[in-house]
Amino acid sequence: LIVFDRGRVTINDLYQDIISEKETLSDQDFLKSARVGLNYEAFLMTKPKKAVVIYEKAVAAVEKQMWRYWHRREEDEEICLFSEQLGKAYKELGKYDDSIKSFKKAIDFNKRISGENTRSLASLYRQISAIFKLKNDDQALEYAEKALKINELLDKDHGKHPDTIKCLRMVA
């Protein structure tokens, strides 16, 4: 299986990066692994510790690029996506505070890219709500309501979306 993203990368390349114990991969190697990992999220989550390493270094590499060159929307999108995946990996490891921090970063970048009322933002709110719920934190309801509000607003134009149903369950 081959994924094209700034060059040719195979699932085997990703697998080798994940299972290798090399800590000296370059920024570009981590970016490659993170970009491919977006397409194979379930695969990466089988090794959440390695996913954390890959996504932490990928976010750092993109942030370094952002300030070295002219700031581009592409970097915002990658930080948003990588931060979301990092949040998921931290959640798998039970590191809820780190997960929340990563999801908040993804939310900030998502707003910068797309604005306030998008399905992707509602999805991030729903995911962070689930983490707060695992911590028995009252903020779970706050984020679930934000997600529901956005989904209901968008449902007026497009009909009920599966995320709306998930949000309704969380709020109930």
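Residues numbered from 1 in each chain as written. Predicted model: local features only at pLDDT ≥ 70, side-chain atom pairs only at ≥ 80, totals over all residues. Heavy atoms only, no water.

### A word on the packing of helix α5 (residues 73–92) against helix α6 (residues 96–114)
Phase 1: Interaxial distance between α5 and α6 falls to 8 Å at its minimum, and their mutual angle equals 155°. Taken together, the axis directions place α5 and α6 in an arrangement best described as roughly antiparallel. Every pair of crossing elements has a handedness; the one defined by α5 and α6 is left-handed. Between α5, through Arg73, Asp76, Glu77, Ile79, Cys80, Ser83, Glu84, Leu86, Gly87, Lys88, Tyr90 and Lys91, and α6, the contact on the second element is made entirely by Tyr96, Asp98, Ser99, Ser102, Phe103, Lys105, Ala106, Phe109, Asn110, Arg112 and Ile113.
Phase 2: Residue composition of the contact of α5 with α6, by class: nine nonpolar, five polar and nine charged. (Axes fitted to C-alpha atoms, helices over the stretch in contact; angles between N-to-C directions. Helix = DSSP H or I, 4+ residues; strand = E, 2+ residues; numbered from the N terminus. Parallel < 35°, antiparallel > 145°, perpendicular 65-115°, else oblique. Left-handed = near helix turned anticlockwise from the far one by under 90°. Contact = heavy atoms within 4.5 Å. Nonpolar A, V, L, I, M, F, W, Y, C, P; charged D, E, K, R; others polar.)

### What to know about α6
For the α-helix, the turn length of 3.6 residues means that residues three or four positions removed from each other point alike.
Phase 1: For α6, spanning 19 residues, the distance from its first C-alpha to its last is 26 Å, which sits close to the expected 27 Å at 1.5 Å a residue.
Phase 2: With its phi angle positive at about 95°, glycine 115 sits one or two positions after the end of α6. (Expected span 1.5 Å × (residues − 1).)

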